[in-house]
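Understanding the architecture of this molecule
Below are the chains, spelled out letter by letter.
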Amino acid sequence: MPLFFYILLSGHIAFVTSTIVIVTILTWHTTQISPSISDIALIQVTQSLPLALLSIVFGTVADRISRRSLLILSQSACLVATIIFAVLASLHPPTIPLILTYTALLGVATALVYPCWQATLGDLAPTPHLRSAVSLNITAFNISRVTAPLAASMLIVLAGVPWALGISSLGFAIFLCGLFRWTPAAQRANASAHRFFYEVFDSVKYVRHRREIVTALFWTCVFAVHTSFAATLLPAVISLVTDGSATSFGLVTACFGLGAIIAGLASLLWQQAVNRHLVIPLSLVGLCCHGVMLASGVAPKRPDMLRFEIAS
């Protein structure tokens, strides 16, 4: 595997880690300044909605414009926005509208990074090693989901929210350093706006006529909805059943990521020991059991967190 693959992979993981750390910090801060679950949910929405709405568009853009330039643009925007946000947070505790504006910008940058990075993997890794490169990327991502919340809780306790945000911006700087040193092969570009929209629609039509892709997307949406509910309500549950400290929040959120790693390892065993048609039904049973256990185990310590209202 080329050296620059490992350099840029490390930079991408630094970006992912910084993003998770920042979202964890802001979600915990929101539980401290607002009793409304809707405010916590809006943070998840502003970060995830751009990824859902813009990925196809940005994926088409990544095929027409230098992916290196797009990645540099996204990381520069994240770095500058995070530094400005950290400075503002040091002057005055961040309000809900300011937090939502910042997380929306972070969501747009993430929506730009993901398709560019997935395509860049094919440029960095030779074809015989592409499968290993993708597996290594996924493994590193899941490890970040465990380590980043723990790092976030430590930063909050040791440095406070403003400094924690400032330190988290280092991940964007690390990725930028790797991108500036990378000189990719020339990429074919087509500046026709007419063809751009046709390519977006062609992508949608291609997916619509492939039954296996439609089925995979359907079940992905089913599990993503449940996961989104869990991720949204997790901060409120932590406040209900624990003291609501940053340490408790980081530990429980890290366990959420640890579950993803365990599930990935378990799926390898399932593919060998269980009929593949039974994987989805068994997973649905697991989701139902998870919901029942969570609902029966919550003993509210903060009844005000049970209120769900539209944030003003």
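These numbers were taken from a predicted model, which means no experiment stands behind them.

Here the focus is the overall build of the chain. Of regular secondary structure, the chain possesses 11 helices and zero strands. Walking the chain from its N terminus toward its C terminus, one meets helices and strands in the order α-α-α-α-α-α-α-α-α-α-α. Buried residues in the chain amount to 38% of all 312 residues. Across the chain, the fraction of contacts at a sequence separation of at least 24, relative to all contacts at a separation of at least 6, is 85%. With an accessible surface of roughly 16,900 Å², the chain has 72% of that area assigned to carbon and sulfur atoms.

With that settled, consider the packing of helix H3 (residues 67–91) against helix H7 (residues 170–181). Between H3 and H7, the least distance of the axes is 9 Å, while the angle of their chain directions is 155 degrees. With respect to each other, H3 and H7 are oriented roughly antiparallel. Between H3 and H7 lies a crossing whose hand is left-handed. Taking contact as the criterion, the partners of Arg68, Leu71, Ile72, Gln75, Ser76, Cys78, Leu79 and Thr82 in H3 are, on H7, Phe172, Ala173, Phe175, Leu176, Leu179 and Phe180.

This next bit is on the environment of Ala148. Within the secondary structure layout, Ala148 lies in helix H5 (residues 130–159). Distance in space between the C-alpha atoms of Ala148 and Thr253 is 9.1 Å, their sequence separation being 105 residues. If near-sequence neighbours (up to four positions away) are discounted, Ala148 is found in contact with Thr17, Ile20 and Val21.

For the rest of this paragraph, the subject is the packing of aromatic side chains. Taken as a whole and judged by the stated rule, the model has five aromatic pairs. Centre to centre, the rings of Phe5 and Tyr6 are 5.2 Å apart; their planes meet at 75 degrees, and the pair counts as edge-to-face. For Tyr6, a relative accessible area of 40% puts it in the partly exposed group. Judged by centre distance (5.9 Å) and plane angle (50 degrees), the ring pair of Phe15 and Phe172 falls under tilted. A residue pair is termed long-range when its members are at least 10 positions apart, and Phe15 in helix H1 (residues 3–33) and Phe172 in helix H7 qualify at 157 residues. Pair check on accessibility: Phe15 and Phe172 agree, each one buried. Clustering of aromatic rings is evident, with ring pairs tying together Phe15, Trp117, Phe172 and Phe175.

Counting 57 residues, the largest nonpolar core has Ile25, Trp117 and Leu165 as the members making the most contacts within it. Take this core: its biggest share by element is 13 residues, from helix H4 (residues 96–124). Dropping the residues within four chain positions of it, Leu165 is found in contact with Ile22, Ile25, Leu26, Thr82, Phe85, Ala86 and Ala89.

Residues spaced three or four apart along an α-helix face the same direction, because each turn holds 3.6 residues. Taking 1.5 Å per residue, 30 residues should reach 44 Å; H5 reaches 40 Å between its end C-alpha atoms and fits that length. Along H5, the sharpest kink reaches roughly 30 degrees, centred on Arg145 and followed within four residues by the proline Pro149. Among the residues of H5, Ala133, Asn137, Ala140, Asn142, Ser144, Val146, Ala148, Pro149, Ala152, Ser153, Leu155 and Ile156 are the ones counted as buried. Gly160 lies just past H5 and shows a positive phi near 90 degrees.

Here the focus is the confidence of the model for the chain. Per-residue pLDDT for the chain averages 78, and the proportion of residues at 70 or more is 75%. When pLDDT is averaged over each element of the chain, H3 comes out on top at 92 and helix H11 (residues 279–297) at the bottom at 65.

So, about the side chain of Gln75. Examined against the element boundaries, Gln75 turns out to sit in helix H3. The contacts of Gln75, once residues within four sequence positions are left out, are Phe15, Val113, Phe172, Phe175, Leu176 and Leu179.

With that settled, consider the environment of Thr139. For Thr139, the location among the structural elements is in helix H5. Note on Thr139: relative accessible area 43%, which makes it partly exposed. Taking the C-alpha atoms as reference points, Thr139 and Ala260, separated by 121 residues in sequence, lie 10.0 Å from one another. At a separation of 2.9 Å, a polar atom in the side chain of Thr139 contacts the main-chain carbonyl oxygen of Ser135.

Between H3 and helix H6 (residues 161–168), whose axes approach to 8 Å, the crossing angle comes to 170 degrees. On the basis of their axis angle, the class for H3 and H6 is roughly antiparallel. Across the interface between the two elements, Thr82, Phe85, Ala86, Ala89 and Ser90 of H3 pack against Pro162, Leu165 and Gly166 of H6. Among the residues making up the contact of H3 with H6, the classes are represented as five nonpolar, three polar and no charged.

This part covers the environment of Thr103. On the secondary structure map, Thr103 appears in helix H4. Apart from the residues within four sequence positions on either side, Thr103 is in contact with Leu26, Ile43, Thr46 and Gln47. Looking at Thr103, its side chain comes within polar contact range of the main-chain oxygen of Leu100, at 3.0 Å.

About the thresholds
- Residues numbered from 1 in each chain as written.
- Predicted model: local features only at pLDDT ≥ 70, side-chain atom pairs only at ≥ 80, totals over all residues.
- Heavy atoms only, no water.
- Helix = DSSP H or I, 4+ residues; strand = E, 2+ residues; numbered from the N terminus.
- Buried < 20%, exposed > 50% of the residue type's maximum accessible area, 1.4 Å probe, protein only.
- Contact = heavy atoms within 4.5 Å.
- Areas by Shrake-Rupley, 256 points an atom, 1.4 Å probe, with all protein chains shown as cover.
- Axes fitted to C-alpha atoms, helices over the stretch in contact; angles between N-to-C directions.
- Parallel < 35°, antiparallel > 145°, perpendicular 65-115°, else oblique.
- Left-handed = near helix turned anticlockwise from the far one by under 90°.
- Phe/Tyr/Trp six-rings, centres within 6.5 Å; stacked < 30°, edge-to-face > 60°.
- Core = buried A, V, L, I, M, F, W, Y, C linked by side-chain atoms within 4.5 Å.
- Expected span 1.5 Å × (residues − 1).
- Bend = angle between axes of the 7 residues up to and from the residue.
- pLDDT = per-residue confidence, 0-100.
- Polar contact = N/O pair within 3.5 Å; in protein donor to acceptor, adjacent residues only side chain to side chain.
- Nonpolar A, V, L, I, M, F, W, Y, C, P; charged D, E, K, R; others polar.

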